[in-house]
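Coordinates in review
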There are 2 protein chains.
Amino acid sequence: MNKKLQVKVAKTAGFCFGVKRAVNLANEAPEKYPQQQIHTLGPIIHNPQVVNRLNKMGVKQVDRISELEQGVVIIRSHGITRQLTQKLEQHPDLTVTDATCPFVRRAQKIVAEMSEAGYQVLIFGEPDHPEVAGLISYGDPQRTLVISKPADIPAGFFTKPKPSRIALLAQTTQSQQLYNEIALSLLAIKGELRCFNTICTATSDRQSEALELAKSCDCMIIIGGRNSANTNRLHELCKERQRASYHIETAEDLQSEWFIDKQTIGISAGASTPKWLIDEVLKSLQNLS
Amino acid sequence: MNKKLQVKVAKTAGFCFGVKRAVNLANEAPEKYPQQQIHTLGPIIHNPQVVNRLNKMGVKQVDRISELEQGVVIIRSHGITRQLTQKLEQHPDLTVTDATCPFVRRAQKIVAEMSEAGYQVLIFGEPDHPEVAGLISYGDPQRTLVISKPADIPAGFFTKPKPSRIALLAQTTQSQQLYNEIALSLLAIKGELRCFNTICTATSDRQSEALELAKSCDCMIIIGGRNSANTNRLHELCKERQRASYHIETAEDLQSEWFIDKQTIGISAGASTPKWLIDEVLKSLQNLS
């Protein structure tokens, strides 16, 4: 093993504002509601290790509302559907703590307001992502659409003779460049295009810094849940610039052969990766070198 | 002179909807108000020959409101400022006929509504054009700005920490491509970008067809007032594709040496060029060949 292994950790690695807030709310819940069972509906954030730690503290994950009878339920950081929120709030024996990221909440409100005002709403995001499932539920089903690339825009948008009113927004962890491309392809449409840049700067800042690191390092390690969309995207982006890029969940996933003949290792981590997981990886890398 | 001079006239050459409407209103005015002096405040359209014909019919151009004492005043196709409109309407001895193009009127309303709603309004256009002077007058002077290229956007727009609310619209005769470039450079700003595509399709259709003609012809003749912004732009665009492109106002401006060794001549004309001026040019070209 190379004795001079130099490790650089991105300043923007790990918890974003919304995740930090959600995890704090979950950490405080057992003390705040000492007599009650604490639940999260779905994983509170997309990090299995954090979810596991919370479980040991008594914060239990359930996947269906039917599993909830009483106690406290925490709404996860990336939000749930409007219908589920209503069911939870109307439940007579449940106390609801909303840990939805305020930036996601803002995007949900935009979908609701634009639908209400009669706009055709376009959500740029991954159709299967829970945040997007939440967002779309706030829109009029007849006039709300999820697109993940310019080609997903229905051809009818470009042939309508009358001026259209279109509202565009994005899943908070999406790429600014693709958002721009989608907006650009809509600009020629006669009428109004209302663009809400709901992309969280934490995501773009993290991506930019990781890409800079990937340029200057021999190897990139991206730490985060395999179910975390922003971690996966961070890894894909780095991989394009630095072939020796690896996505791990914990220090145990590190493989010593990755570092043969390497001198500088760059580290970044998704928005839902806690500091202690990053620290464990750093410790393991020190032992390797 | 080449005996086989072939002339192709663009289908989109000449009067657009708004100009046709304005000239009709001016033509009808002397009959509608037989006992009154008819005026236009500034040229009704940007074509000296049409203005001259109307003058002979008794429709007199004045350049200042102080020159108006009584009678009928027609507001020109590209609009005037809000302040001037109010003065005209409040004048006890004037009857106002509004010949503002409905598409320009729509853009004026957008500036007023967006300013009222607190948006920073960006007007993409030529700062000195009368249409733009009209548009800007409907905005809050503190929050309404004219830009003619992406570099005109104040640097502060990109450094503001808080989400901004920006409304973008365009002078009706502007280029779609430059409009897209300006919108694109604003998309990364956090907050809301509300894009109103107020560019008239007549302008873009005319430009596209003239460019196609310029490709297939040996020489391009663009007919229109020297004070007509859309005619000047049409000529500049054609000149980029076909060096032998000439901007004329009337048939008298044609020079026979332009057509030496030429076989196909393409003709287009600005939105304010009447059919009779185009016909005169065609007649002169027939005599040449």
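Each remark here, short or long, concerns the structure printed above.
Summary of the structure given here. In this text, all values refer to a predicted model and were calculated from it rather than measured experimentally.

Some remarks on the sheet that holds strand S5 (residues 94-98) of chain B
All names here are of chain B. Across the sheet, which stays open at both edges, the four strands sit in the order S3-S2-S4-S5 with parallel pairing between neighbours. One side of each edge strand has no neighbouring strand; the edge strands of this open sheet are strand S3 (59-62) and S5. Taken pair by pair, the neighbouring strands of this sheet meet at an average axis angle of 30 degrees, ignoring direction. By the bridge criterion, four bridges tie strand S2 (residues 38-41) to S3 in an arrangement that is parallel.

Here we look at the pairing of strand S9 (residues 191-197) of chain B
Summarising burial for S9(B): seven of the seven residues are buried, a large majority. Of the pairings in the sheet, the one linking strand S9 (residues 191-197) of chain A to S9(B) comprises seven bridges and is antiparallel in character. Note on S9(B): the bridge partner recorded for Arg194(A) is Arg194(B). The pairing of strand S8 (residues 164-170) of chain B with S9(B) spans five bridges and is classified as parallel.

Considerations on the packing of helix H8 (residues 201-216) of chain A against helix H9 (residues 229-241) of chain A
Residues and elements named next belong to chain A. Viewed as axis vectors pointing N to C, H8 and H9 meet at an angle of 30 degrees, and their least axial separation amounts to 9 Å. As for the relative orientation of H8 and H9, their crossing is right-handed in sense. Here H8 contributes Arg206, Gln207, Ala210, Leu211, Ala214 and Lys215 to the contact with H9, which in turn contributes Asn230, Arg233, Leu234, Leu237, Cys238 and Arg241. The class makeup of the residues in the contact of H8 with H9 is six nonpolar, two polar and four charged.

Brief notes about the sheet that holds S9(B)
The sheet built from eight strands is open, its strands ordered S7(A)-S6(A)-S8(A)-S9(A)-S9(B)-S8(B)-S6(B)-S7(B) with mixed pairing. Across the chains shown, the open sheet's two edge strands, defined by having one partner strand only, are strand S7 (144-147) of chain A together with strand S7 (144-147) of chain B. Taken pair by pair, the neighbouring strands of this sheet meet at an average axis angle of 20 degrees, ignoring direction. Strands in contact with helix H7 (residues 176-186) of chain B are strand S6 (120-124), S7, S8 and S9 of chain B; relative to S9(B), the strand with the most contacts, it is inclined by about 170 degrees.

Thresholds, definitions, all that
Residues numbered from 1 in each chain as written. Chains lettered and ligands numbered in written order. Predicted model: local features only at pLDDT ≥ 70, side-chain atom pairs only at ≥ 80, totals over all residues. Heavy atoms only, no water. Pairing = 2+ DSSP bridges. Helix = DSSP H or I, 4+ residues; strand = E, 2+ residues; numbered from the N terminus. Axes fitted to C-alpha atoms, helices over the stretch in contact; angles between N-to-C directions. Buried < 20%, exposed > 50% of the residue type's maximum accessible area, 1.4 Å probe, protein only. Left-handed = near helix turned anticlockwise from the far one by under 90°. Contact = heavy atoms within 4.5 Å. Nonpolar A, V, L, I, M, F, W, Y, C, P; charged D, E, K, R; others polar.

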